[in-house]
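# Residue-level structure breakdown
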Amino acid sequence: MSWGIELWDQFDNLEKHTQWGIDILEKYIKFVKERTEIELSYAKQLRNLSKKYQPKKNSKEEEEYRYTACKAFLSTLNEMNDYAGQHEVISENMTSQIIVELARYVQELKQERKSHFHDGRKAQQHIETCWKQLESSKRRFERDCKEADRAQQYFEKMDADINVTKADVEKARQQAQTRHQMAEESKADYSSVLQKFNHEQHEYYHTHIPSIFQKIQEMEERRIVRIGESVKTYAELDRQVIPIIGKCLDGIVKAAESIDPKNDSQLVVEAYKSGFEPPGDIEFEDYTQPMKRTVSDNSLSNSRGEGKSELKFGGKSKGKLWPFIKKNKGATPEDFSNLPPEQRRKKLQQKVDELNKEIQKEMDQRDAITKMKDVYLKNPQMGDPSSLDHKLAEVSQNIEKLRLEAQKFEAWLAEVEGRLPARSDQARRQSGMYETQNAPSVNNCAQDRESSPDGSYTEEQSQESEVKVLATDFDDEFDDEEPLPAIGTCKALYTFEGQNEGTISVVEGETLYVIEEDKGDGWTRIRRNEDEEGYVPTSYVEVYLDKNAKGAKTYI
């Protein structure tokens, strides 16, 4: 099968077909180019997605990634970043191995095609020129033959006419002979041109055109093979990254398998354990004991008044969380005494570790300055040793200051851990001492009563004073506070039933005011209106702090 034999007369159609083949090749190049752009865009979006959900440095999110589930999520983000890199590799390889190579090949193909069809047109023009020469020679031979016939007829006519002179007859005869000779010459020329044309035509259809068309056929077949190779390369480039993508996915699976719910549960205990003991049982107060004397109106009213004080003391305080920690107004105390014992211990330990790191850093700096001073002493031309004395003294002073600071926090830490016997009143109250102090004052009320001479019941003066003092102290701390100003708003993400004392119920989607931020114990203090406020889990609300509010923090 040869185009030169089978398609000898389809020059124009072959020209159109080969141009169509180049168009197909360029279309495929465009397709691959758009694929590379999609791969780059996809990789960019994956990287942006991974970056978007990466924990922010020095933020609360970093602490969350201690949990195995969060670590698995972080591993997923990192693996997706590597996954995106493989799509970038696909784009780069397709650009270099397909697009660039095919673009160069298309230019070469266009030049080769142009050369072949130029040769074909040149052969066509040559055979057309030969054809025109043949037609011209043929027309001249035909004309000369007709002229010779007319001259012969004229001679015969003149020769038959008796009235014509002999000279005229001779002239006509010579004219006829001349025309006849010219016709013979034209015949010979026509015969020669015809033989030449037939030879050229045979060469054209059996040699030149088959050769040119064969080259065009080979060019077209190479183009088809090249497209096939490019399609195969297209698939192979995708296949090359599959093992690495598989490793990325294996990494995600491995991260998922590393999730340990028990470990996460233990971390929750470590993060939020307060160290308080649960409150003890409240003893039953028996008011049905037989009365020995008639109760006077005065003593009854006093008992009621005292009962109210006791109820107020032991009851629910407006907007307070009991047995949760009482929040301090203003800045956090330096010794973290506003936190539960366990949380306080963690904060103090963290502070001690930070100070030790700073001390080590300053000591390394002091050692470096000391070495530099020794070098200056041995080589005075390198610098003045005395110029480092001020810096050395400053670093030593910083070390001493940091050591004193570390000792102070270590003392507080030792107190919290029970290594020191001293405990502050506030620490006792935070650790649940209120329950043990309050229970005897209430439960032993009947036992501490004595009968007065007038027959009415009275309580011991010491017991009454104790109740009044405790109630006054509690009221000062919890009930007599001025309403806190709102520092922002929050939106409830989930419904929360505030059944514990000091909490407040919220409905999903509800908007409330924030009056106190989360201090590290997982609770945020909010207000619905002037009479309704309390604590809700921080994870149940989305907080929007007012940047201009006093004490508000700005999250970046």
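See the structure shown above.
Quick summary incoming for the structure in this document. Keep in mind that this is a model prediction, so the values were computed, not measured.

## Some points on the overall build of the protein chain
- Looking only at helices and strands, the protein chain has twelve helices and seven strands in total.
- Here the protein chain, with 556 residues, has 33% of them falling under the buried criterion.
- The contacts of the protein chain with a sequence gap of at least 6 include a subset with a gap of at least 24, amounting to 74%.
- Surface summary for the protein chain: the accessible area is close to 36000 Å², and the carbon and sulfur share equals 52%.

## Side note on the pairing of strand E5 (residues 523–529)
- Most of E5 is tucked away: five of the seven residues are buried.
- Here strand E4 (residues 511–516) pairs with E5 via three bridges, running antiparallel. Residue pairing across strands places Tyr513 opposite Arg527, the latter belonging to E5.
- If you look at the hairpin formed by E4 and E5, you'll find six residues sitting between the two strands, and Gly520 has a positive phi there, around 110°.
- Note that E5 and strand E6 (residues 532–537) share six bridges and pair antiparallel. Note that in E6 the partner of Trp523 across the bridge is Pro537.
- The loop that links E5 with its antiparallel partner E6 comprises two residues.

## Overview of the sheet that holds E6
- Ordered by their spatial adjacency, five strands build an open sheet running E6-E5-E4-E3-E7, and the pairing between neighbours is antiparallel. Each edge of the open sheet carries a strand with a single partner, namely E6 and strand E7 (541–545). Taking the axes of each pair of neighbouring strands and ignoring which way they run, one obtains an average angle of 40° across the sheet.

## Observations regarding the side chain of Thr36
- With respect to the helices, strands and loops of the structure, Thr36 is situated in helix H2 (residues 11–52).
- Its relative accessible area of 5% is what places Thr36 among the buried residues.

## Quick look at the pairing of E4
- For strand E3 (residues 488–492) and E4, the ladder comprises four bridges, and the chain directions are antiparallel. Its bridge partner being in E4, Gly488 is matched across the sheet by Val514.

## Some points on the nonpolar core
- With 40 residues, the main nonpolar core has Leu25, Val32, Met94, Ile98, Phe213 and Ile216 as its most contacted residues.
- In terms of residues, this core owes the most to one element, helix H4 (residues 68–160), which gives 16 residues.
- Excluding anything up to four places from it in sequence, Val32 contacts Met94, Ile98, Ile99 and Tyr234.
- Residues Tyr376, Val395, Ile399 and Ala406 belong to the second largest nonpolar core, which totals 18 residues.

## A few points about the pattern of salt bridges
- One pass over the structure, following the stated rule, counts 21 salt bridges.
- Between Arg173 and Glu170 there is a salt bridge, with the nearest N and O atoms lying 1.9 Å from each other. Within this pair, Arg173 and its partner Glu170 are both found in helix H5 (residues 166–257), separated by three residues, close to a single helical turn.
- Here Glu170 falls in the partly exposed class, since its relative accessible area comes to 31%.

## Points about H5
- Across its 92 residues, H5 extends 132 Å between first and last C-alpha, which sits within 8% of the 136 Å expected from 1.5 Å per residue.
- A maximum bend of about 45° is found in H5 at Tyr204.

## So, the packing of H4 against H5
- Close contact between H4 and H5 brings their axes to 7 Å; oriented N to C, the two are set at 175°. One element, H4, and the other, H5, form an angle in the roughly antiparallel class.
- Looking at the contact of H4 with H5 residue by residue, the classes come out as 45 nonpolar, 21 polar and 24 charged.

Parameters at a glance
- Residues numbered from 1 in each chain as written.
- Predicted model: local features only at pLDDT ≥ 70, side-chain atom pairs only at ≥ 80, totals over all residues.
- Heavy atoms only, no water.
- Helix = DSSP H or I, 4+ residues; strand = E, 2+ residues; numbered from the N terminus.
- Buried < 20%, exposed > 50% of the residue type's maximum accessible area, 1.4 Å probe, protein only.
- Contact = heavy atoms within 4.5 Å.
- Areas by Shrake-Rupley, 256 points an atom, 1.4 Å probe, with all protein chains shown as cover.
- Pairing = 2+ DSSP bridges.
- Axes fitted to C-alpha atoms, helices over the stretch in contact; angles between N-to-C directions.
- Core = buried A, V, L, I, M, F, W, Y, C linked by side-chain atoms within 4.5 Å.
- Salt bridge = Lys/Arg side-chain N within 4 Å of Asp/Glu carboxyl O.
- Expected span 1.5 Å × (residues − 1).
- Bend = angle between axes of the 7 residues up to and from the residue.
- Parallel < 35°, antiparallel > 145°, perpendicular 65-115°, else oblique.
- Nonpolar A, V, L, I, M, F, W, Y, C, P; charged D, E, K, R; others polar.

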